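Observations on the model geometry
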Amino acid sequence: LLWVLSGAGGGGGAPLFFFDRPGVLGGGGGGAPGGAGGGAPPPRRFLGPMHKITIEALNSLGTALQKENKFADAERIFREGLDVNRQLFGPNHPSTIAHTYNLGFVLDRLGRLDEAEGLICEALEGGRRVLGPEHPGTLLIGSKLGEMRHAQGRLDEAEGLLRGCLEAQRRVLGADHSRSRETAKRLEAVQKDRARRGVAGPVKTSGP
């Protein structure tokens, strides 16, 4: 059932999708099950909260809400999905990793940076361990963490993460892929900020 954190479709700013429907993967196409109003997805009513189809419906609904900037509603849906994934699959499962990232992404948009950072770091560690350091999903998470490090003013860490992710994304996805271009923009922003602040010195490239 799962096509986990695929590199197909989606830019670097979109939450992760992980089910095997290309029309929905990476944030493209596919509406919110039961509408984007935040109601219970129909699969939860008919199949129960722990069914895999219910998990897919929760992820689709949460992403639809996020795209409408309804971040508080999206947080509730993604948090429910994460709780179910942890119960069903445990922490070392690709679906759990995807939901961890999605919740962290939304919390970052809500300005709850400490909690968001913890979840993004957890998702990155899980991605490296379960999917591999150069999996497109792992690289997407690493790029997001690099952006967060930049926002925190931690320029060395941000540049190292983004350089490592960009090099790997160009190898794995190609230089013209939307995620590679997004990471390149984030790296350029860090470099411009470094120049503006007069912060010099070589930066060691770190892994994604």
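Up top is the structure these notes are about.
Residues numbered from 1 in each chain as written. Predicted model: local features only at pLDDT ≥ 70, side-chain atom pairs only at ≥ 80, totals over all residues. Heavy atoms only, no water.

When helices and strands are counted, the protein chain shows eight helices and zero strands. Sequence-ordered secondary structure for the protein chain, helices as α and strands as β, is α-α-α-α-α-α-α-α. Relative to its full complement of 208 residues, the protein chain shows a buried share of 51%. Once local pairs closer than 6 in sequence are excluded, the contacts in the protein chain between residues at least 24 apart make up 61%. Carbon and sulfur atoms make up 52% of the accessible area of the protein chain, which amounts to about 9,000 Å² in all. (Helix = DSSP H or I, 4+ residues; strand = E, 2+ residues; numbered from the N terminus. Buried < 20%, exposed > 50% of the residue type's maximum accessible area, 1.4 Å probe, protein only. Contact = heavy atoms within 4.5 Å. Areas by Shrake-Rupley, 256 points an atom, 1.4 Å probe, with all protein chains shown as cover.)

On to the packing of helix α2 (residues 52–67) against helix α3 (residues 71–89). α3 packs onto α2 with a crossing angle of 155° between their chain directions and a minimal axis gap of 8 Å. In this view, α2 runs roughly antiparallel relative to α3, as classed from their interaxial angle. For the element pair α2 and α3, the recorded crossing hand is left-handed. Counted together, Lys52, Ile55, Leu58, Asn59, Leu61, Gly62, Thr63, Leu65 and Gln66 of α2 and Phe71, Asp73, Ala74, Ile77, Phe78, Glu80, Gly81, Val84, Asn85, Leu88 and Phe89 of α3 form the full contact between these two elements. Grouping the amino acids of the contact of α2 with α3 by side-chain chemistry returns eleven nonpolar, six polar and three charged. (Axes fitted to C-alpha atoms, helices over the stretch in contact; angles between N-to-C directions. Parallel < 35°, antiparallel > 145°, perpendicular 65-115°, else oblique. Left-handed = near helix turned anticlockwise from the far one by under 90°. Nonpolar A, V, L, I, M, F, W, Y, C, P; charged D, E, K, R; others polar.)

Moving on, we come to the packing of aromatic side chains. In the structure shown here, the tally under the stated rule is one aromatic pair. When the centroid spacing of 6.1 Å and the interplanar angle of 40° are considered together, the rings of Tyr101 and Phe105 count as tilted. Of this pair, Tyr101 and Phe105 are both found in helix α4 (residues 94–109), four residues apart, which corresponds to roughly one turn of the helix. You'll find Tyr101 and Phe105 in the same group, each marked buried. (Phe/Tyr/Trp six-rings, centres within 6.5 Å; stacked < 30°, edge-to-face > 60°.)

One way to put it is that α4 packs onto helix α6 (residues 136–151) with a least axis distance of 12 Å and a crossing angle of 25°. Relative to α6, the element α4 is oriented roughly parallel. Crossing angle aside, the handedness with which α4 passes α6 is left-handed. Across the interface between the two elements, Ile97, Tyr101, Phe105 and Asp108 of α4 pack against Leu140, Ile141, Lys144 and Met148 of α6. The class makeup of the residues in the contact of α4 with α6 is six nonpolar, no polar and two charged.

A few words now on the side chain of Glu75. Along the polypeptide, Glu75 turns up in helix α3. You can call Glu75 buried: its relative accessible area is 11%. Not counting residues within four places of it along the chain, the set of residues in contact with Glu75 comprises Leu103, Val106, Leu107, Leu110 and Arg112.

A separate point is the environment of Gly160. In this structure, Gly160 sits in helix α7 (residues 155–172). Owing to a relative accessible area of 1%, Gly160 belongs among the buried residues under this scheme. Separated by 14 residues in sequence, Gly160 and Gly146 place their C-alpha atoms 8.0 Å apart.

Functional significance is not addressed by these values, which are geometric in nature.
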